[in-house]
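Observations on the model geometry
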Amino acid sequence: MSMQPIKRGLAALVLMGLALPALAQTTVSDAWVRASVPHQQSTGAFMVLTASSDSKLVGVASPVAKTVQVHEMTMNGDVMGMREVKAVELPAGKAVTLDPNGLHVMLMGLNNQVKEGDKVPLTLTIEDAKGAKETLDVQAQVRALNADAGGGHDHMHLSLIHISEPTRQEAI
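Residues numbered from 1 in each chain as written. Predicted model: local features only at pLDDT ≥ 70, side-chain atom pairs only at ≥ 80, totals over all residues. Heavy atoms only, no water.

Considering the overall build of the protein
Stated precisely, the cut-off is as follows: Secondary structure elements follow DSSP: runs of H or I of four or more residues count as helices, runs of E of two or more count as strands, with numbering from the N terminus. Should any heavy atoms of two residues lie within 4.5 Å, those residues are counted as being in contact. Accessible surface is estimated by sampling points in the Shrake-Rupley manner with a 1.4 Å probe; for residues, cover comes only from the protein chains shown.
Helices and strands together make up the secondary structure of the protein, namely one helix and ten strands. Secondary structure elements of the protein occur, N-terminal to C-terminal, as α-β-β-β-β-β-β-β-β-β-β. Relative to all contacts within the protein whose residues are 6 or more apart in sequence, the contacts with residues 24 or more apart total 75%. Of the roughly 10000 Å² of accessible surface on the protein, a fraction of 55% belongs to carbon and sulfur atoms.

Remarks on the pattern of salt bridges
Using the following cut-off: One speaks of a salt bridge when a side-chain nitrogen belonging to Lys or Arg is within 4 Å of a carboxyl oxygen belonging to Asp or Glu. Buried residues are those whose accessible area, probed at 1.4 Å on protein chains only, stays under 20% of the maximum for their type, while exposed residues exceed 50% and partly exposed ones sit between those limits.
Using the criterion set out here, one finds three salt bridges in the structure. One salt bridge connects Asp30 with Arg143, and the closest N-O pair in it is separated by 2.5 Å. Of this pair, Asp30 sits in strand β1 (residues 26-34) while Arg143 sits in strand β10 (residues 133-143); the two residues are 113 residues apart in sequence, bridging distant segments of the chain. Among the residues examined, Asp30 registers a relative accessible area of 33% and is labelled partly exposed. You can call Arg143 partly exposed: its relative accessible area is 25%. Glu127 serves as the salt-bridge partner of Lys133, at 3.9 Å between the closest nitrogen and oxygen. The exposure class of Lys133 is exposed, given its relative accessible area of 53%.

Structure below.
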């Protein structure tokens, strides 16, 4: 019996394996949400994202809020401004920080008060350079109202645009 058909089959399997697209690996660290007070309608979620290849954060969802958007906070003199962004670029191997002073996730239309010690589920949608998407489920710890970003991370501020369909924003 000839080994030729087996060799061809193995070669085909190897080639098919090489042709499969590899999804970028993205890690999330230090994910947390700021606690809210009773009847407060919104709060922020913060984290550090690191992708193994050039990717972008293109969506965030959570069952604790009616609307979830990524925002960028800016200062123009003494005036703070916030705008929704469509995507957050995640350069390969570089940590991108979402924090209270720059890019962050806004949870708007909270269903209930978010209390210190709770965990908030977040689903992040990451898109690689070829357009393939992956979702990451994150459990973000709720920290005190006066919590600030810690750990001395460098902040990466990017020029970005909106992630979800336009929605009515509620005053904070």
